[in-house]
Amino acid sequence: MIRIWISNKNRDRIEREFLADARNAPTGLFHTLAKEEVRNLLDEACPALYRCLYHDDTEHTVNEAEVQRLLLADRSALQDYIWQSGIIRKRKKKLLSEAFQYENLSKRKVLNTILQLMDVPVCPYCNRQYTFTLASGKSRPQMDHYYPRDLYPYLAVSLYNLVPCCAVCNTAKGPLDTREYPILYPYDEGFSYDMGFQIVAKDSDDWVNILHDGTGEFSLTVEKKRQIPLKKEAVVKNQMEVLHLDEHYDMHKDYIRDILRRQAMYTPERIHDLYRQFAHLFRSREELKQVLSGTDTDERGWGKRTLSKLTYDIVKQLENGHIRIEKPGEEEGGAK
Ligand SMILES: [Zn+2]
């Protein structure tokens, strides 16, 4: 749901490190493809891909430019490979997975280097779990294959088919065929400002009662926030379902109550006072407000903290006056 933002400088470095490793490591793709048995295996399993990855010379040498293209393929290029490779039978898919072994890549140090450069501290699929990469290599996110390697084994070691994510999302997504049932592709897209969480009181609009976890209840949904193509709405709905995000987010109602309380307490007057007292701690009043609300107003910051998109949307809903939390005895329009 949250897009992965990588600076151009880091992207260059990531791609350079990734290619250098694939070229130099004994188990890297360039060396693997140069092996006689792998060449024969590829020729048998997927002739279209074979013709692409090897020169049409007498030696059938590896076409390095094409291997590089496969390793750094963006989403549209990944889709081209799927289209071009056609339907491959199960037995042949097994053969292919021997040539494109993700296990080899996952054991190499380069993956850690790349994950540190990518800097994805929170799962981009759910925005609920931290996924730090430790420099020691002792902990790092799992890598989901956006286009699953069971179905498209030749994309198993392509950089932008690997999405750092949490174990819960990786397991839930499993071998879902994202070509048929796409979810958001985090290198290009997220909920952004198009889709957002929304809370609705179930019976009564008495939000004070709801805050006390009394009889009042509320529900949480994801709605479009501006005019967007129907396709994106369907993709988001699919993501919510596949990753059980509806159910997971429903477990965060206590957290939502805390947002409501916090926002109700930080009135404009209180924020004014706090800023006067603590201006030296902040670059601007806006920054103070962001710290108090616990989220970023710029979507580029959402990937830094868990539940930041949920927080942003609920805070916005309050700011827009869609929810009113009034002290008992207070009428709309101000205190008595
Ligand atoms: Zn996740």
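Per an unreviewed UniProt entry, the protein chain is named HNH endonuclease, and its organism is Enterocloster hominis.

## Things to note about the coordination of the zinc ion
For the zinc ion, the full set of protein donor atoms is Cys123 (SG), Cys126 (SG), Cys166 (SG) and Cys169 (SG), at a range of 2.3 Å. For the zinc ion, the four donor atoms in the first shell make angles of 105 to 115° at the metal, a pattern classed as tetrahedral. Counting the intervening residues between successive donors of the zinc ion yields the motif C-x2-C-x39-C-x2-C. We classify Cys166 as buried; its relative accessible area is 5%. Among the residues examined, Cys169 registers a relative accessible area of 3% and is labelled buried.

## Considerations on the domain arrangement of the protein chain
For the protein chain, the assigned domains are domain 1 (8–173) and domain 2 (195–319). The gap between the C-alpha centroids of domain 1 and domain 2 is 37 Å. The partner domain 2 presents 16 residues to the 12 residues of domain 1 that form the contact. Of the roughly 1100 Å² buried between domain 1 and domain 2 on both sides combined, carbon and sulfur atoms contribute 55%. Along the contact surface separating domain 1 from domain 2 lie zero salt bridges. Between the two partners, domain 1 and domain 2, sit eight residue pairs in polar contact (both at pLDDT 80 or more). When its residues are assigned to classes, the side of domain 1 that touches domain 2 shows eight nonpolar, two polar and two charged.

Criteria and cut-off values
Residues numbered from 1 in each chain as written. Predicted model: local features only at pLDDT ≥ 70, side-chain atom pairs only at ≥ 80, totals over all residues. Heavy atoms only, no water. Donors = N, O, S within 2.8 Å, 3.2 Å for Na, K, Ca; no water. Tetrahedral: all angles 85-135°; square planar, octahedral: opposite > 155°, others 65-115°. Buried < 20%, exposed > 50% of the residue type's maximum accessible area, 1.4 Å probe, protein only. Domains from an automatic or database assignment. Contact = heavy atoms within 4.5 Å. Buried area = accessible area lost by both parts, 1.4 Å probe. Salt bridge = Lys/Arg side-chain N within 4 Å of Asp/Glu carboxyl O. Polar contact = N/O pair within 3.5 Å; in protein donor to acceptor, adjacent residues only side chain to side chain. Nonpolar A, V, L, I, M, F, W, Y, C, P; charged D, E, K, R; others polar.

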